[in-house]
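An overview of the molecular structure
Here are the chains, one letter per residue:
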Amino acid sequence: DLSKRLATVGKFVPPGAFLADIGSDHAYLPVSLMLNGKIEFAVAGEVVRGPYESAKKQVQKNGLDKRIIVRLANGLEAIKTTDQINAITIAGMGGSLICDILEAGKQKKHLIGSERLILQPNIGEQTLRKWLQDNEYQIVAENILEEKKKIYEVIVAEKTKKIPMYDEKERMFGPILLKEKSEIFKRKWQREKKQRQVILNQLTKAVNQQKRIEAIKKELQLIKEVLG
Ligand code: SAM
């Protein structure tokens, strides 16, 4: 069975999707979605040989070779035009790495804009939302979940015709998560608040850290506003 984290990512994959799962590792996500009849076709992309081999094994073991193609490729280079991909999942990496993958995909035209993006950054959600906004992607759904004491965010985005108007707060907390303010959300930002207070204490003892101090103070202010 899928982890709660991957199951949540999977929930946002449209039924009957032609899916590209980038950084697929064991290909657990596409294999599970295929076995459950949720997707029609998938590409599992991996840039590292070890995980690529694990993905191939997992797909073969389940007899899905015809419907899940495993490719050794960097980022969205795993996608071919003929795949007719309409959903892309990128999970379990840092937000800035996800941005780099999307940006390179855009430059090389592997990302065409008609795909639904389902992203699960481990950190750097704000950076990722900024990229989405700058590239005219609207955040259509968000989810926050806790598993084994870790809190994860899932961000779902689709291309629009104009730049969405997210402000700094929405980029930091998530436009939808901010409206919902779930218990897990509050727990996450309580933790983040504490972390920043600790960092701030350290930084005030250091020299030449004024810029970082100001940035963290500003974030702390926003967190306090949001937590109320
Ligand atoms: N997506 C799975 C999940 O969420 O459980 C696996 C996450 S694993 C921590 C990240 C995987 O991404 C690794 O297997 C790594 O090799 C792969 N990866 C990192 N950068 C990549 C890139 N540019 N293109 C393809 N795969 C990449």
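Before any of the text, the structure's been laid out above.
Overview of the structure. All values derive from a computational prediction rather than experimental measurement.

Focus: the layout of surface pockets
Approximately 270 Å³ is the volume attributed to the largest pocket. Lining the largest pocket are Asn 122, Ile 123, Gly 124, Glu 125, Lys 149, Lys 150, Ile 151, Tyr 152, Lys 188, Arg 191, Glu 192 and Gln 195. Secondary structure elements with two or more residues in the lining of the largest pocket: strand E7 (150-159) and helix H8 (183-203). Residues belonging to the lining of the largest pocket are distributed by class as follows: three nonpolar, three polar and six charged. Estimates place the volume of the second largest pocket at around 220 Å³. What lines the second largest pocket is a set of 14 residues, among which Arg 5, Gly 23, Ser 24, Asp 25 and Ala 91 lie closest to the centre. Elements with a contribution of two residues or more to the lining of the second largest pocket: helix H1 (4-11), strand E1 (17-22), helix H2 (28-35) and strand E4 (87-93). Tallied by class, the residues present in the lining of the second largest pocket amount to six nonpolar, five polar and three charged.

Regarding the site of the ligand
For the ligand, the set of nearby residues contains 16 residues, the closest of which are Arg 5, Gly 23, Glu 46, Asn 74 and Gly 75. At 2.7 Å, a side-chain N or O of Arg 5 approaches an oxygen atom of the ligand. One nitrogen or oxygen atom from the main chain of Gly 23 is found 2.8 Å from a nitrogen atom belonging to the ligand. Protein contact buries 78% of the 610 Å² of open area that the ligand shows by itself. Put simply, the parts of the chain that give the shell around the ligand at least two residues each are H1, E4 and helix H4 (95-107). In terms of residues, the shell around the ligand owes the most to one element, E4, which gives three residues. Grouping the amino acids of the shell around the ligand by side-chain chemistry returns nine nonpolar, four polar and three charged.

Observations concerning the environment of Leu 19
Tracing the backbone shows Leu 19 in strand E1. For Leu 19 and Gln 84, which are 65 residues apart along the polypeptide, the C-alpha to C-alpha distance reads 8.7 Å. With sequence-adjacent residues up to four places away left out, Leu 19 is seen in contact with Val 13, Leu 33, Ile 39, Phe 41, Ala 42, Val 43, Ile 85, Ala 87, Ile 88 and Thr 89.

Considering the packing of H8 against helix H9 (residues 210-227)
Their axes nearest at 10 Å, the elements H8 and H9 cross at an angle of 150 degrees. Between H8 and H9, the angle is such that the two are roughly antiparallel. Note that H8 runs across H9; the crossing there is left-handed. Taken together, the residues of H9 that come into contact with H8 (itself represented by Phe 185, Lys 186, Trp 189, Gln 190, Glu 192, Lys 193, Arg 196, Gln 197, Ile 199, Leu 200 and Leu 203) are Arg 212, Ile 213, Ile 216, Lys 217, Glu 219, Leu 220, Ile 223, Lys 224, Val 226 and Leu 227. Split into classes, the residues belonging to the contact of H8 with H9 amount to eleven nonpolar, two polar and eight charged.

Each value, and the rule that gives it
Residues numbered from 1 in each chain as written. Predicted model: local features only at pLDDT ≥ 70, side-chain atom pairs only at ≥ 80, totals over all residues. Heavy atoms only, no water. 1 Å grid on protein atoms, 1.4 Å probe; cavity = no way out; pocket = protein on both sides within 12 Å on 5 of 7 lines; lining within 4 Å. Points joined across faces, edges and corners; volume = space filled by probe spheres on them. Helix = DSSP H or I, 4+ residues; strand = E, 2+ residues; numbered from the N terminus. Nonpolar A, V, L, I, M, F, W, Y, C, P; charged D, E, K, R; others polar. Near = heavy atom within 4 Å. Polar contact = N/O pair within 3.5 Å; in protein donor to acceptor, adjacent residues only side chain to side chain. Areas by Shrake-Rupley, 256 points an atom, 1.4 Å probe, with all protein chains shown as cover. Contact = heavy atoms within 4.5 Å. Axes fitted to C-alpha atoms, helices over the stretch in contact; angles between N-to-C directions. Parallel < 35°, antiparallel > 145°, perpendicular 65-115°, else oblique. Left-handed = near helix turned anticlockwise from the far one by under 90°.

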